[in-house]
Every structure is written in C-alpha cells, then in structure tokens.
Amino acid sequence: MVQMSSIENRKSGLEIRVFTSQSEVETLRPQWQALQASTRFDPNAHIDHFLTVVQHFPRSAKPVCIAASRNGILEALIVARIAAKSLECRIGYLRPLRIDVTTLSVITGGVLVASTFSGWKELAESLHAITRAQRIDRIALDTIDPNSPLLVALQRCNPKTIRDKYPRIQKHWVIDLPDSFDQWEKELPKRLRKEILRREKNLQTQFGSHHEIKVFTSVDQLTELLDLTERIAATTYQRGLGVSFVKDDLTLHRFRLAAQLGWLTSFVLVVDGKPIAYQLGFTIKQTLFVQGKGYVPEYRKFAPGTLLFYHAMRTAMNEFSIRRWDFGIGDAAYKQDFGTSFEHEVSLNFFSPTLRGVALGTLWNATRGISRMLEKTLATTGFLDSAKRTWRRT
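Bear in mind that the values here come from a model prediction, so they are computed numbers and not experimental data.

Caption draft 1: Spatial organisation of the overall build of the protein. Within the protein one finds 14 helices and 14 strands. Relative to a compact globule of 394 residues, whose C-alpha radius of gyration would be 21 Å, the protein shows 22 Å and is just as compact. Expressed as lengths along the three principal axes of its C-alpha atoms, the size of the protein is roughly 70 × 50 × 35 Å. Residue burial in the protein is summarised as follows: out of 394 residues, 49% are buried. Sequence-distant contacts in the protein: of pairs separated by 6 or more residues, those separated by 24 or more amount to 69%. For the protein, the accessible area works out to roughly 19,500 Å², and carbon and sulfur atoms hold 51% of it. Here the protein contributes 54 positive and 39 negative side-chain charges, whose respective centroids are spaced 7 Å apart.

Below you can see the structure in the form of structure tokens.
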C-alpha cells in the first residue's frame, strides 16, 4: 500500500498529497465537500458514495485520492480506486478475451478542480508515480471532458505510456426543465405527445386499471425496489452483456446510502401484479441523476420505458421540484428525443510503460481497431443495426 505522501513545489507553492486509506480520506471531508460544491456535482464523487463503493466493490479495492493544495486550501482533487479489473478486448458486442489487470480507475466525476487551478503537470506526475509504486497496469479514466488538461499532462509527463488510439467518446444528455410539468409537456414535439397518448391508451385498453406506478424514496421501501428491479433486469439483453442492473452487495449499499441521504427517487411500472419497467434515480440539488432503466421485452409494444419516464417526470417535477434530468452517457434515441443539450465525454486508458503494460496496450488497440473498422464497414453497407441485434443474442 502506498503511504500518504506529500510533495511541495516551492516555486508554485503547490502541495500534492496522496491519501490511500479510508481514515486518511476522511480527513479530506470538509475541503472535499467545499470543492465539490463549487464544481458540477456528480453523486459518484460524493465522499460517502465513493467510500461505500470502495468498501463493497466486488473485488478488493483501495482508495486513492490525490489532493493539490495551495496555502492550505484544496484546489484540486483526483478521486480514484485501485482494484483488479477485467480488460475486455471486444469486437462489437463479442468479448473473445478478458484479462484481469491491476487498474487505477479515476471515477466518473472524479476530477474536481477550482477554476483557477493550473498544476496539471504535478497531478499527472503523481498519478504516474502511484502506478510505478503499485505496479499498476493501466490508468482508466471514465467519462472525462475530452479537453481536460489532465489528459495532455498525463501523456506529456511520460511519453512512453501507451494510450488508447481509439478512445470512446460519448454524448452526455440532460434535460433542462421549465418551471412546471405542464409547460414541459406542452413544449414536447407533437409527435412525441401523440405517441405517448397512443401507448397510454393501448395499455389502458389491454389492462384497464390493473396497472400502477410505484414510487420509491425511503429505506423501508428498498427491499421491494431492488426485488422488483431485479425481476425486470433479469429479462433484458443488457443482462447478457453484463451492463444491466444487478442486485448485489454493492448495489444494496449504494441505494441504502442514497435513501439515507434523501437522494432516492425511483419508479417501477407494475401491470397485473407484474413489474415490467423500472427507472432508477438519485435526486440532488434539484437534479435527477438516472441510475438505470429497463423493461421486460415482451411488453415492448406498449413502450413501457417511455410511459414510465413520462409519469416519473410528472412526479419528479410536481413532488420533488426537479429542474434538471441527467440521463448520463449514451446517445440512445429517447435521449435525443427528450434531451435539451449534451456534452461530449471520453473514456480511455493509459497503459504503463512496462513489458506487460505495452503488451496489454498493443492488444487493446489492435482489437479496438478491428472493432471500429468492422462497425464502419457495416454502417456503410447498412447492416450495422442487424449485426448489433445478432451480437446481442450471441
């Protein structure tokens, strides 16, 4: 384990400290919270959420927080964890090879900086120093601003590091909401309003009054929420890809914390006593952060996901006064339909300049290159959508 260390740049007055245990991280709490309050909030980077994930991560994980201070004031914080993580060399949805690698993961929302911060070189050097000391195979950055100075600094301070040649750039959609649900509904495109009404009528015709939307906000509702959500998620193709909701120890503790903090805002559509769609969310500072959604495929013709989203929006705006709906990453059609704006975010890896790191980076870039070339070819010939459906069933 790396011990807490401190490096001071006397010329700039910047002090870099590394915190690598829960007790050390706890000493950061007041300044961590103050810094996060001055930046765009992400629940993943909330100190209690971060420590909960580290404690209940499926594989043994260690916290790593790199703090940059000047004159005793925290100006920048990198929030990360060290754990064994599968490097999945994918071609489309196929995963022909998985290799366990020691990974330092900078979490989503885990780069917190004051607007005046300029010590990116020192932060990058600290990250590379940790990878050397811990014999880490890669640094993984999840959904970071593509223009972040940290990315440039990481490459410059160690040019021998192998970087993704094909970083994954995705859109992060949000809905900036008006003052009332009625106004939001009125501003929807006419085709969407008509489609929602049509689907609603079909559901009423088929099931009459035998359907309801359950709202979950408290700890005592948690068991029912997770049980119903698991029943739905188990039927989805995303479960086969390993990207859907899973009722496990980590999920239980994350959602319990959210309920205790007053964040939990989740919904389940039940028809004839059977759960058919879920919409999970955490509401913080009038923003609902989507934590997952899905529906039972056999009910697809009723568009249960869209109907639940519509009613969840009504409840969230009228009862919880939300003013922003954060879809998270991805460019699905429903996000384009309802979203009002988006930002690009990138996920990428830096592999260590060791023999193993170079081999892993070379393999990763080769399989990513093949996948990109295949997807481009299928898109050009018009077969991409059918290929994706086949891959999902594989």
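Caption draft 2: Up close: the pattern of salt bridges. Summed over all chains, the structure comprises 17 salt bridges. Among the ionic pairs, Arg29 bridges to Asp48, the shortest N-O distance being 2.8 Å. Taken together, the residues Arg29 in helix α2 (residues 29-37) and Asp48 in helix α3 (residues 47-56) connect sequence positions 19 residues apart. Note that Arg324 and Asp176 form a salt bridge whose closest N and O atoms lie 2.8 Å from each other. Of this pair, Arg324 sits in strand β13 (residues 324-329) while Asp176 sits in strand β8 (residues 168-176), and the two are 148 residues apart along the sequence. Taking relative accessible area as the criterion, Arg324 reaches 27% and is therefore assigned partly exposed. For Asp176, a relative accessible area of 38% corresponds to the partly exposed category.

Caption draft 3: Inspection of the pairing of strand β3 (residues 61-70) at higher detail. Burial analysis of β3 places eight of its ten residues in the buried class, the great majority of the element. With six bridges joining them, strand β2 (residues 14-19) and β3 adopt antiparallel strand pairing. Bridged to Val18 within β3 is Ile66.

Caption draft 4: Fine view of the packing of aromatic side chains. Taken as a whole, this structure holds 18 aromatic pairs when the rule is applied. Pairing Trp173 with Phe342 gives two aromatic rings, centres 4.8 Å apart and planes at 55 degrees, and the pair type is tilted. Of this pair, Trp173 sits in strand β8 while Phe342 is found in strand β14 (residues 341-351), placing the two residues 169 residues apart along the sequence. Trp173 sits in the buried class, given a relative accessible area of 9%.

Caption draft 5: Just the nonpolar core, in detail. Within the largest apolar cluster, 53 residues are counted, with the highest numbers of intra-cluster contacts made by Ile175, Trp184, Met313, Trp325 and Phe338. In terms of residues, this core owes the most to one element, helix α11 (residues 304-320), which gives eight residues. Residues in contact with Phe338, not counting those within four places in the same chain, are Ile175, Trp184, Leu188, Leu192, Ile196, Thr306, Phe309 and Phe327. Counting 29 residues, the second largest nonpolar core, distinct from the first, contains Leu141, Ile144, Leu150 and Leu151.

Caption draft 6: Layout of the packing of helix α4 (residues 120-134) against helix α5 (residues 149-157). Where α4 contacts α5, the axes come no closer than 8 Å and their chain directions differ by 60 degrees. Put simply, α4 runs oblique to α5. The interaxial crossing formed by α4 with α5 has right-handed handedness. Listed contacts from α5 to Trp120, Lys121, Ala124, Glu125, Leu127 and His128 of α4 are Pro149, Leu150, Ala153, Leu154 and Cys157. Looking at the contact of α4 with α5 residue by residue, the classes come out as eight nonpolar, one polar and two charged.

Caption draft 7: Structural detail: the state of the cysteines. Scanning the entire structure with this criterion turns up zero disulfides. Here Cys65 stays unpaired: no disulfide links it, and the sulfur of Cys157, its closest cysteine neighbor, is 19 Å away. Of the residues examined, Cys65 reaches a relative accessible area of 0% and is grouped as buried. Its relative accessible area of 27% is what places Cys157 among the partly exposed residues.

Caption draft 8: Up close: the pairing of β14. Note: strand β6 (residues 138-144) against β14, five bridges, orientation antiparallel. Note that in β14 the partner of Ile139 across the bridge is Phe350. Across two bridges, strand β7 (residues 162-163) lies against β14 in antiparallel orientation. Bridge pairing in β14 links Arg163 to Phe350. Pairing of β8 with β14, which is carried by seven bridges, proceeds in the antiparallel orientation. Across the sheet, the residue bridging to Ile169 is Val346, located in β14.

Caption draft 9: Seen up close, the packing of helix α7 (residues 190-207) against α11. Axis separation between α7 and α11 bottoms out at 10 Å; the angle between their running directions is 105 degrees. It follows from the interaxial angle that α7 and α11 lie roughly perpendicular. Each of Ile196, Arg199, Glu200 and Leu203 in α7 lies in contact with α11, whose residues at this interface are Thr306, Leu307, Tyr310 and His311. Of the residues belonging to the contact of α7 with α11, the class tally is four nonpolar, two polar and two charged.

So, how was this worked out
- Residues numbered from 1 in each chain as written.
- Predicted model: local features only at pLDDT ≥ 70, side-chain atom pairs only at ≥ 80, totals over all residues.
- Heavy atoms only, no water.
- Helix = DSSP H or I, 4+ residues; strand = E, 2+ residues; numbered from the N terminus.
- Rg over C-alpha atoms; globule rule 2.2 N^0.38 Å.
- Buried < 20%, exposed > 50% of the residue type's maximum accessible area, 1.4 Å probe, protein only.
- Contact = heavy atoms within 4.5 Å.
- Areas by Shrake-Rupley, 256 points an atom, 1.4 Å probe, with all protein chains shown as cover.
- Lys, Arg positive; Asp, Glu negative; His and termini not counted.
- Charge placed at Lys NZ, Arg CZ, Asp CG, Glu CD.
- Salt bridge = Lys/Arg side-chain N within 4 Å of Asp/Glu carboxyl O.
- Pairing = 2+ DSSP bridges.
- Phe/Tyr/Trp six-rings, centres within 6.5 Å; stacked < 30°, edge-to-face > 60°.
- Core = buried A, V, L, I, M, F, W, Y, C linked by side-chain atoms within 4.5 Å.
- Axes fitted to C-alpha atoms, helices over the stretch in contact; angles between N-to-C directions.
- Parallel < 35°, antiparallel > 145°, perpendicular 65-115°, else oblique.
- Left-handed = near helix turned anticlockwise from the far one by under 90°.
- Nonpolar A, V, L, I, M, F, W, Y, C, P; charged D, E, K, R; others polar.
- Disulfide = S-S within 2.5 Å.

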